[in-house]
Amino acid sequence: MLICILSIQTIVAEENANNKELISNNNQDNMLKTNNQYNDVLKDYNYEEKKSETNKSTINNEDPLTFTKLNETINDNSNSTIYLSNNYKYNNNSDSNFQEGILINRNLTIKGNGVTLDGNMMARIFKVSNLNLNVNFII
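Residues numbered from 1 in each chain as written. Predicted model: local features only at pLDDT ≥ 70, side-chain atom pairs only at ≥ 80, totals over all residues. Heavy atoms only, no water.

## Topic: the overall build of the protein
As a reminder of what qualifies: Numbering of helices and strands runs from the N terminus, with a helix taken as a DSSP run of H or I at least four residues long and a strand as a DSSP run of E at least two residues long. Under the scheme applied here, a residue whose accessible area is under 20% of the maximum for its type counts as buried, over 50% as exposed, and between as partly exposed, the area being computed with a 1.4 Å probe on protein chains only. Note on contacts: a residue pair qualifies if any of its non-hydrogen atoms lie within 4.5 Å across the two residues.
Along the protein, the regular secondary structure elements total 2 helices and 8 strands. Along the protein, from the amino end to the carboxyl end, the secondary structure elements read α-β-α-β-β-β-β-β-β-β. Burial status across the protein gives 21% buried among its 139 residues. For the protein, long-range pairs separated by at least 24 residues make up 75% of all intrachain contacts whose partners lie at least 6 apart in sequence.

If you want it as structure tokens, here you go:
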């Protein structure tokens, strides 16, 4: 009788150990699936970013353009996304109208592509009026 009880406990203990291994393997499988799904999302995101970058011009690193030109780039159209390809620097002689910043009064995304916007310690960059402005990769 004692042997039967001990052998039943051994079988139950062995089943529990197998179940733990099975649960552990299932958790690892789920983690792998989640990681693979996350990696797929990243691949899609990176692909879309790289694809859109191929349509952009490269940054002109020569003399920066003025805030007057930046204002024209941003406000002389109705695009919801603006791609910058030049550096811009506030010039006290030609940009005095923009000392308080370039007015943005519509929902807008500005993709900077690594450009530099420099207020030259004399001006704000943007003056935004109660709306949604997204600025990406501007130095």
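## Some words on the packing of aromatic side chains
Spelled out, the test is: When the centres of two rings from Phe, Tyr and Trp lie within 6.5 Å, Trp using its six-membered ring, the rings pair. Their planes under 30 degrees apart give stacked, over 60 give edge-to-face, and anything left gives tilted.
Counting across every chain of the model gives 1 aromatic pair. Aromatic side chains F67 and Y90 sit 5.6 Å apart centroid to centroid with 85° between the ring planes, which places their arrangement in the edge-to-face category. Linking F67 in helix α2 (residues 67-75) with Y90 in the loop between β3 (86-89) and β4 (102-104), this pair joins segments that are 23 residues apart in sequence. Given a relative accessible area of 2%, Y90 falls into the buried group.

## Notes on the confidence of the model for the protein
Detail in the predicted coordinates should be disregarded across regions flagged by low pLDDT. To keep it simple, the criterion reads: Per residue, pLDDT captures the predictor's confidence, and it can take any value from 0 to 100.
Overall, the predicted model of the protein reaches an average pLDDT of 75, with 57% of residues at or above 70. The least confident element of the protein, judged by mean pLDDT, is helix α1 (residues 2-53) at 51; the most confident is α2 at 97. The low-confidence segment residues 44-56 (pLDDT under 50) makes 3 contacts with residues lying over four places distant or belonging to another chain.

## Some points on the nonpolar core
For clarity, the threshold we go by: What makes a nonpolar core is a set of buried Ala, Val, Leu, Ile, Met, Phe, Trp, Tyr and Cys residues whose side-chain atoms join them at distances within 4.5 Å.
Residues L70, I74, L84, I110, L117 and F126 are the most contacted members of the largest nonpolar core, which totals 16 residues. For this core, the elements supplying multiple residues, two or more each, are α2, β4 and β5 (108-115). Those residues in contact with F126, other than ones at most four positions away along the chain, are I74, E100, G101, I102, I104, I110, L117 and L133.

## Structural notes on the side chain of N86
Within the secondary structure, N86 sits in strand β3. Given the relative accessible area of 15%, N86 is considered buried. Setting aside its immediate chain neighbours within four residues, N86 contacts N60, L65 and V115.

## Brief notes about the sheet that holds strand β8 (residues 133-138)
What counts here: The criterion for strand pairing is that DSSP finds at least two bridges linking the strands in question. To get an axis, a line is fitted to the C-alpha atoms, and for a helix only the part in contact is used. The angle between two axes follows their N-to-C directions and goes from 0 to 180 degrees.
Overall, parallel pairing links the 3 strands, which are arranged β2-β5-β8 in an open sheet. Where the open sheet ends on each side, the last strands, each with one partner, are β2 (81-83) and β8. Averaged over all pairs of adjacent strands, the angle between their axes in this sheet comes to 10°, without regard to strand direction. Relative to β5, β2 runs parallel, the two sharing 3 bridges. Residue pairing in the sheet places Y83 in a bridge with K111 of β5.

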